[in-house]
Protein chains: 2
Amino acid sequence: MGKKYVIGVDLGGTKILTALADLEGQILQRVRVETGANEPAEQVVRRINTTVEQVLNEAQVSKDDVLRIGVGSPGPLNIKEGIVLFTPNLKWNNVPIVKMMSDALGLPVLLENDANAAALAEHAFGAGKGSSNMIYMTISTGIGGGVIINNQILHGFSESAGEIGHHTIMADGPVCGCGNRGCLEALASGTALGRYGREAVERGVDTLIGEMVEKIEDIDGSVVTRAAQEGDRVALEIVDKVANYIGIGIANMINIFNPEKIVLGGGVTKAGELFIDRILQTVEERALEAPRKLCEITFSKLGSDVGVLGAIAVALK
Amino acid sequence: MGKKYVIGVDLGGTKILTALADLEGQILQRVRVETGANEPAEQVVRRINTTVEQVLNEAQVSKDDVLRIGVGSPGPLNIKEGIVLFTPNLKWNNVPIVKMMSDALGLPVLLENDANAAALAEHAFGAGKGSSNMIYMTISTGIGGGVIINNQILHGFSESAGEIGHHTIMADGPVCGCGNRGCLEALASGTALGRYGREAVERGVDTLIGEMVEKIEDIDGSVVTRAAQEGDRVALEIVDKVANYIGIGIANMINIFNPEKIVLGGGVTKAGELFIDRILQTVEERALEAPRKLCEITFSKLGSDVGVLGAIAVALK
């Protein structure tokens, strides 16, 4: 008799979300706990294992009926060996999470980085369903992504491919957190959106942005977005600038990968209607016509479940 | 009894080079003729077929011993259907070259675009040998390339992936032939090299570049390169600028694809020793450390045979 369930674990810096799903990816039971990122890795992994036992107990499902556990984790990882190499948020260092989980739980475990897992979620269950060549681009504090080619994640030679937020689109642009200059992330992330807002207020221009916060340091991407939604001219200009850079990044991905779909997710795209017209206009002006005409640009459909659904998609691989 | 030979056809705008090879890709016989690009497609394809018969006759090899014919052609193509959609150099339009050749010759024919074929040649026989994730970047009049992922060419959704010369590295850069702004090709091709040389001479700066030609329009990439080789300061500055842009393009490819090797070919890299130090310096400054440290950047080893060896690699697939 075949196995009937999989389990997905979305491991984040602040919370762990674990879900039991059927083989179609329907979530049947979920448990959410604080990560406790300050505790040692052993303790956090024990907590993960407890959430797995919990979803099984609550759903009254036996381990014998579980095909596999998928884990989506921040990286960098060694996926083949099942090791979290390090993660700035969790302060982990060479944690063999796959072995620690499978030894304790007696179930096979597969690891994937969170951006790739989210791409697999969109591909299996979301806006990318039905496409075999797809790019998922997440725009929030940073810009990350996952590239799917012929239904497989692009891992590259040492599993660090797909850093689409870290490609230069402005040779002499601002310094990026990665050390490069003019990365897409340095120009078009939520962090950049907030920086443009603070710069505008510091220049003393007439804008709502400064009135929406107590201190100038409180201006972030969401503040600028809200000001734009209220019709503030300066905020709208900033949004237009960022949307243009996002469009350049997307046009680059179209020319390089010729994907069938590009799915946009992350906090910044929650206000997608503010950005989308300019994004599409820039893509039309910049991408090669043949691949552009066949590429659909769309928003994530999975919302805050994208992480755990990604882990489920990994388990179903 | 197995087939012992393959045939490769390198179809170019000015010449056709056809070669018979063994299953290790060793060329045993070759025929080179003018393409006659002004004649109708039917006549050019008949000429190709004649070169195939010729290499067989000269090597005294029977068609029965030939596994397959590979054709490397300028594109865009429809590879699955075996059709050359159009090529600016040949003025072809929807030419079903695979059917025309296989009907006439009674042998299976596989089509691939010339840049991808060159990537396969480097992968099978040249500087990329032994790597499963490799990028071939050719820098001559334009910048093209082929991306190999897990030993397969990246074709994308509609076979137009891999246009690595047409990704923006300078958001407000010069207009490119493709209609975009600030493409790698617009900034770092042989054409750009020549343009920078002409601009320098027009500005009236003190340089050998102008003295090496009769008319300013005669300044191209090779003139600037020769002036740099003779130690001309202005030409060296131009080479440095172009090498920096090439380095930015390579750093982007490393962050996006995490390849094991990047192989540089094309006319500009014939003077590779002029460029390589600055290329490597820029890559070191700009690419993410983990994928950069594992990526070898090297020059093509196959010289002018890269095209026909690519067609042979296609036939051996």
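Residues numbered from 1 in each chain as written. Chains lettered and ligands numbered in written order. Predicted model: local features only at pLDDT ≥ 70, side-chain atom pairs only at ≥ 80, totals over all residues.

Colleague: In this structure, what is going on with the overall build of chain A? I would like to understand it.
Modeller: A count of helical and extended segments in chain A gives 10 helices and 13 strands. By its C-alpha atoms, chain A is 65 × 50 × 35 Å across when sized along the principal axes. Burial analysis of chain A (317 residues in total) assigns 53% to the buried set. Here the analysis covers contacts within chain A between residues at least 6 apart in sequence; of these, 63% occur between residues at least 24 apart. (Helix = DSSP H or I, 4+ residues; strand = E, 2+ residues; numbered from the N terminus. Buried ≥ 20, exposed ≤ 12 C-beta atoms within 10 Å, placed from the backbone. Contact = placed C-beta atoms within 7 Å.)

Colleague: Mind showing me how you'd approach the domain arrangement of chain A here?
Modeller: Many descriptions give the size of an interface as the accessible area lost when the pieces come together. Under the domain assignment used here, chain A contains domain 1 (5-113) and domain 2 (127-301). Distance between the C-alpha centres of domain 1 of chain A and domain 2 of chain A: 30 Å. (Domains from an automatic or database assignment.)

Colleague: Please clarify how the sheet that holds strand S2 (residues 15-22) of chain B should be interpreted in this entry.
Modeller: Think of a sheet as strands paired side by side through backbone hydrogen bonds, with each pair either parallel or antiparallel. Residue and element names in this part refer to chain B. If you trace the five strands from one edge of the open sheet to the other, you get S3-S2-S1-S4-S8, paired in mixed fashion. Both edges of this open sheet fall to strand S3 (27-34) and strand S8 (109-113), since each of them pairs with a single strand only. For this sheet, the mean angle separating the axes of adjacent strands, direction not counted, is 15°. Relative to S2, strand S1 (residues 5-11) runs antiparallel, the two being bridged by seven bridges. In the strand pairing of S2, Gly-8 is matched with Ala-19. (Pairing = 2+ DSSP bridges. Axes fitted to C-alpha atoms, helices over the stretch in contact; angles between N-to-C directions.)

Colleague: Explain unusual backbone geometry here, please?
Modeller: Peptide bonds are mostly trans, and most non-glycine residues show a negative phi. Residues and elements named next belong to chain A. Look at the link from Gly-75 to Pro-76: it is a cis peptide, with omega at 5°. Looking at where Pro-76 falls in the secondary structure, it is placed in the loop between strand S4 (66-73) and strand S5 (77-78). Backbone geometry at Lys-91 places phi at a positive 55°, although glycine is not the residue there. You can see Lys-91 is positioned in the loop between strand S6 (83-87) and strand S7 (92-95). A positive phi angle, close to 65°, is found at Glu-159, a residue other than glycine. Considering the arrangement of structural elements, one finds Glu-159 in the loop between strand S11 (152-153) and helix H4 (184-188). Judged by local crowding, Glu-159 falls into the buried class, with 22 C-beta atoms found within 10 Å.

Colleague: I'm lost on the sheet that holds strand S10 (residues 143-149) of chain B in this one. Help?
Modeller: Residues and elements named next belong to chain B. Pairing within the open sheet is mixed, and its five strands lie in the order S11-S10-S9-S12-S13. Taken across any chain shown, the strands that pair with only one partner, and hence form the sheet edges, are strand S11 (152-153) and strand S13 (296-299). As paired strands, strand S9 (residues 134-139) and strand S12 (residues 261-265) are joined by five bridges and run parallel to one another. Counterpart to Met-134 in the pairing with S12 is Lys-261. Taken strand by strand, helix H3 (residues 114-125) contacts S9, S10, S11 and S12, and its axis lies near 55° from that of S10. On the sheet, helix H7 (residues 233-257) packs against S9, S10, S12 and S13 and is oriented at approximately 160° with respect to S9.

Colleague: What exactly am I supposed to notice about the packing of H3(B) against helix H10 (residues 306-316) of chain B here?
Modeller: Two numbers describe a pair of packed helices, the interaxial angle and the distance between the axes. Residue and element names in this part refer to chain B. Axis separation between H3 and H10 bottoms out at 7 Å; the angle between their running directions is 80°. Classified by the angle between their axes, H3 and H10 sit roughly perpendicular to one another. Residues Asp-114, Ala-117, Ala-118, Leu-120, Ala-121, Ala-124 and Phe-125 of H3 pack against Val-306, Gly-307, Leu-309, Gly-310, Ala-311, Ala-313, Val-314 and Leu-316 of H10. Taken together, the residues that form the contact of H3 with H10 break down as 12 nonpolar, two polar and one charged. (Parallel < 35°, antiparallel > 145°, perpendicular 65-115°, else oblique. Nonpolar A, V, L, I, M, F, W, Y, C, P; charged D, E, K, R; others polar.)

Colleague: What exactly am I supposed to notice about helix H10 (residues 306-316) of chain A here?
Modeller: Residues spaced three or four apart along an α-helix face the same direction, because each turn holds 3.6 residues. Residues and elements named next belong to chain A. Within H10, 11 of the 11 residues are buried, leaving the element largely enclosed by the surrounding structure. Those residues of H10 not exposed but buried are Val-306, Gly-307, Val-308, Leu-309, Gly-310, Ala-311, Ile-312, Ala-313, Val-314, Ala-315 and Leu-316. As for H10, its buried residues are in contact with strand S1 (5-11), strand S2 (15-22), S4, strand S8 (109-113), helix H3 (114-125) and strand S12 (261-265).

Colleague: What exactly am I supposed to notice about the interface of chain B and chain A here?
Modeller: In this complex, chain B contributes 33 residues to the contact, which on the side of chain A involves 33 residues. Going through the elements one at a time, H7 and helix H9 (289-293) of chain B are the ones with two or more residues in the side of chain B that touches chain A. The leading source of residues in the side of chain B that touches chain A is H7(B), at six residues. For the side of chain B that touches chain A, a count of residues per class yields 19 nonpolar, 11 polar and three charged.

Colleague: What am I meant to see in the relation of the copies chain B and chain A here?
Modeller: Note that the two copies of the chain are related through a rotation about an axis and a translation along the same axis. Laying chain B over chain A is done by rotating through 180° and shifting 0.0 Å along the axis; what remains is an RMSD of 0.0 Å. Here the copies are linked by what is in effect a two-fold axis. Both copies present the same face, since 100% of the interface residues in chain B are matched by interface residues at the equivalent positions in chain A. (Least-squares fit on C-alpha atoms with pLDDT ≥ 70 in both.)

Colleague: Would you take a moment to explain the environment of A:Thr207 for this structure?
Modeller: Residues and elements named next belong to chain A. Within the secondary structure, Thr-207 is located in the loop between helix H5 (190-202) and helix H6 (221-229). Considering only alpha carbons, one finds Thr-207 and Ile-16, 191 residues apart in sequence, at a separation of 39 Å. Once you skip the residues sitting within four places of it in the chain, Thr-207 turns out to touch Ala-200, Val-201, Ala-227, Asp-232, Val-234 and Ala-235.

Colleague: Could you clarify how one ought to interpret the confidence of the model for chain A in this entry?
Modeller: Low-confidence regions, as indicated by low pLDDT, have predicted coordinates that should not be scrutinised in detail. Chain-level statistics for chain A give a pLDDT mean of 96 and a share of 100% at 70 or above. Scored by ipTM, the complex comes to 0.95, with pTM at 0.95. (pLDDT = per-residue confidence, 0-100.)

Colleague: Looking at this structure, how should I read helix H6 (residues 221-229) of chain B?
Modeller: Residues and elements named next belong to chain B. All of the buried residues along H6 are Gly-221, Val-223, Val-224, Thr-225, Ala-227 and Ala-228. Those residues of H6 hidden inside the fold are in contact with helix H5 (190-202), H7 and helix H8 (272-286). Of the residues flanking the end of H6, it is Gly-231, one or two places downstream, whose phi is positive at about 90°.

Colleague: What is the right way to read the pairing of S3(B) from this model?
Modeller: Look at any regular strand and the pattern is simple: side chains alternate between the two faces of the sheet. Residues and elements named next belong to chain B. Note that S2 and S3 share seven bridges and pair antiparallel. For Leu-20, the partnering residue across the bridge sits in S3 and is Gln-29. Taking the residues that link successive antiparallel strands as the turn, the S2-S3 hairpin has four residues, and the phi of Gly-25 there is positive, at about 85°.

Colleague: Would you take a moment to explain the packing of H5(B) against H7(B) for this structure?
Modeller: Residues and elements named next belong to chain B. At a minimum axis distance of 10 Å, the contact between H5 and H7 shows a crossing angle of 145°. In the packing of H5 onto H7, the handedness of the crossing is right-handed. Residues Ala-192, Leu-193, Tyr-196, Gly-197 and Ala-200 of H5 form the contact with H7, whose own contacting residues are Val-234, Ile-238, Lys-241 and Val-242. For the contact of H5 with H7, the residue count by class is seven nonpolar, one polar and one charged. (Left-handed = near helix turned anticlockwise from the far one by under 90°.)

Colleague: Where do I start with the environment of A:Asn49 in this structure?
Modeller: Residue and element names in this part refer to chain A. Turning to its location among the elements, Asn-49 is positioned in helix H1 (residues 41-59). Placed 146 residues apart in sequence, Asn-49 and Arg-195 show a C-alpha to C-alpha distance of 40 Å. Discounting residues that sit within four places of it in the chain, Asn-49 has contacts with Met-101, Ala-104 and Leu-105.

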